[in-house]
Amino acid sequence: MVRPRRFLTSLAALGATATVLTVGAAPFLASASDHLDAPNLGAISVSASDQLSVSKANGPLDIADGYVFRGRDGNHTVLTMTVNPAVNLGIGPSTFQAGARYTFNVDRDGDAKPGVRYVVTFGKPVAARGGAQHYEVDRAVGDASSEVAEGWTGAVGRSDDSDVRAFAGLRSDPFFFDLLGFLGSVKGEGTRRLDDGKQSDFFAHLDVLGIVLEVPNSQIGGNGRHIGVWDTTSVRGSDGRWIQMDQFGRPAINTVFNATAADKEAFNATVPSAQRTALGGRFRTNVISTLEAFSALDTEGAYTPAQAAGLADVLLPDVMTYTVGSVAAGPLNGRNLSDDVIDAELNIVTGGYPFAGRNATGAIPTDGVGPHADYLASFPYLGLPH
């Protein structure tokens, strides 16, 4: 049962928001997953007549989502990063950023530091190839790296001697979420509500740029190994150093728990191993205070300080955990394209996390929309663009 209007109105006063295309004012799932999760990446607003206004900045570097799941034969793992949300709206560049680094970071020993990295870089669009971009995939361990795949956007690339499959190009956005219902219920913007019986998936007709790698399990630790995965985008600064622009581990961590613009941008630039302690522990405090603030509004779902702190130490560092070779079940063991992570996180943030002895009947159980029907059963898995 969705919470009453009085409760939802109270939520809107708590903090700052983002939507799968936004930055706004309610410390919750307004940015949905990670689309436009900080001011230097973009923003969205909705009018009283439910008209959305979207602005983008650094779109090609804005990570929308990440997925980790079992690949072919159970002996490969699929690593997926989507960037440049709502690319088919014609706002800003529609390509990957040439020279930037799109990196899949894999922690193989639990220290929230990359033991292996898959770094994807793109060249400039080539008119003679219809605007396609050439890309290379390098696998790096420490200071040593080697190319494991290459290709052109829009087509499957592969390096036969590494058994890595690669794809990069325009695809359907796999994310699903009733954005308008959420904004109306929590932010008081527009007319839609989560419980009005008019559920609609805002992302059903949007496209993204997708990067998909299917790598041998042996390269990331082997079957049964517990790993952590997070995605980053980086550009080289004028001084030659690499500047991290965005990062993504689990869905909605930055958008839900960091309320201010400064904290959102700082979080995107902070490596996972430092996220609990950075800025005097500010990010961890943000998680705890947000959980306590939400749950304090409804005694049926109230988190104790100890529970909020314990959950903060699960959510930070912001790394997607996964047991190699297992069937993914997001958001706590990888993430399939069809996993309804929004429903899971609505429950977690509003008090429904299954602590022993909890009475969580006041938690928000669902946004009322489900997975898309266009996911592919085989590589590259992401649906065709609209």
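In case you missed it, the structure is sitting above this.
Keep in mind it's a predicted model, so treat the numbers as computed, not measured.

Draft legend 1. Main features of the environment of glutamine 51. Inspection of the secondary structure puts glutamine 51 in the loop between strand 1 (42-46) and strand 2 (52-56). Using a relative accessible area of 53% as the deciding quantity, one classes glutamine 51 as exposed. Measuring from C-alpha to C-alpha, the distance between glutamine 51 and glycine 190 comes to 7.9 Å, with 139 residues separating the pair along the chain.

Draft legend 2. Highlighting the pattern of salt bridges. Applying the stated criterion to the full structure yields 10 salt bridges. Arginine 192 is paired through a salt bridge with aspartate 196; the nearest N and O atoms lie 2.7 Å apart. Residue classification places arginine 192 among the buried positions, given a relative accessible area of 8%. With its nearest N and O atoms 3.8 Å apart, the salt bridge here joins aspartate 313 to arginine 276. Separated by 37 residues along the polypeptide, aspartate 313 in helix 6 (residues 305-315) and arginine 276 in the loop between helix 4 (261-268) and helix 5 (278-296) bring together distant segments of the chain. For aspartate 313, a relative accessible area of 30% corresponds to the partly exposed category. What makes arginine 276 partly exposed here is its relative accessible area of 36%. Among the ionic contacts, a cluster of salt bridges with common partners joins Arg72, Asp163, Arg165 and Glu214.

Draft legend 3. Representation of the nonpolar core in the model. In this structure, Tyr102, Tyr118 and Val137 are the most contacted members of the largest nonpolar core, which totals 61 residues. The element that contributes the greatest number of residues to this core is strand 11 (residues 207-216), accounting for five residues. Excluding residues within four positions of it along the chain, valine 137 makes contact with Tyr118, Val119, Val120, Ser146, Glu147, Val148, Ala149, Ala166 and Leu213. Core analysis: the second largest hydrophobic core is formed by 19 residues, Phe267, Ala278, Val287 and Leu311 among them.

Draft legend 4. Local environment of the sheet that holds strand 11. The five strands lie next to each other as 3-4-11-10-9, forming an open sheet whose pairing is antiparallel. The sheet terminates laterally at strand 3 (63-70) and strand 9 (156-159), the two strands that pair on one side only. Neighbour to neighbour, the strand axes of the sheet diverge by 15° on average, direction disregarded.

Draft legend 5. Region of the structure containing the side chain of serine 234. Looking at the secondary structure, you find serine 234 in strand 12 (residues 226-236). With residues up to four places along the chain from it excluded, the contact list for serine 234 reads Ala100, Arg101, Trp242, Ile243, Gln244 and Met245.

Draft legend 6. View of the side chain of asparagine 84. Within the secondary structure, asparagine 84 is located in the loop between strand 4 (76-83) and strand 5 (101-107). In terms of polar contacts, asparagine 84 uses its side chain to reach the backbone carbonyl oxygen of proline 93, at 2.9 Å. Setting aside its immediate chain neighbours within four residues, asparagine 84 contacts Lys56, Gly59, Pro60, Asp62, Pro93, Ser94, Thr95, Asp207, Val208 and Leu209.

Draft legend 7. Examining empty space enclosed by the protein more closely. Evaluation of the coordinates by the stated rule reveals two cavities of 30 Å³ or more. Its volume calculated, the largest cavity comes out at about 100 Å³. Every residue lining the largest cavity is counted, 13 residues in all, and those nearest its centre are Pro251, Ile253, Phe257, Leu315 and Glu345. Counting only elements with at least two residues in the lining of the largest cavity, the list comes to helix 3 (253-257) and helix 7 (341-352). A class-by-class count of the residues in the lining of the largest cavity yields 11 nonpolar, no polar and two charged. The computed volume of the second largest cavity comes to approximately 40 Å³. Tallied by class, residues from the lining of the second largest cavity come to seven nonpolar, three polar and one charged.

What counts and what doesn't
- Residues numbered from 1 in each chain as written.
- Predicted model: local features only at pLDDT ≥ 70, side-chain atom pairs only at ≥ 80, totals over all residues.
- Heavy atoms only, no water.
- Helix = DSSP H or I, 4+ residues; strand = E, 2+ residues; numbered from the N terminus.
- Buried < 20%, exposed > 50% of the residue type's maximum accessible area, 1.4 Å probe, protein only.
- Salt bridge = Lys/Arg side-chain N within 4 Å of Asp/Glu carboxyl O.
- Core = buried A, V, L, I, M, F, W, Y, C linked by side-chain atoms within 4.5 Å.
- Contact = heavy atoms within 4.5 Å.
- Pairing = 2+ DSSP bridges.
- Axes fitted to C-alpha atoms, helices over the stretch in contact; angles between N-to-C directions.
- Polar contact = N/O pair within 3.5 Å; in protein donor to acceptor, adjacent residues only side chain to side chain.
- 1 Å grid on protein atoms, 1.4 Å probe; cavity = no way out; pocket = protein on both sides within 12 Å on 5 of 7 lines; lining within 4 Å.
- Points joined across faces, edges and corners; volume = space filled by probe spheres on them.
- Nonpolar A, V, L, I, M, F, W, Y, C, P; charged D, E, K, R; others polar.

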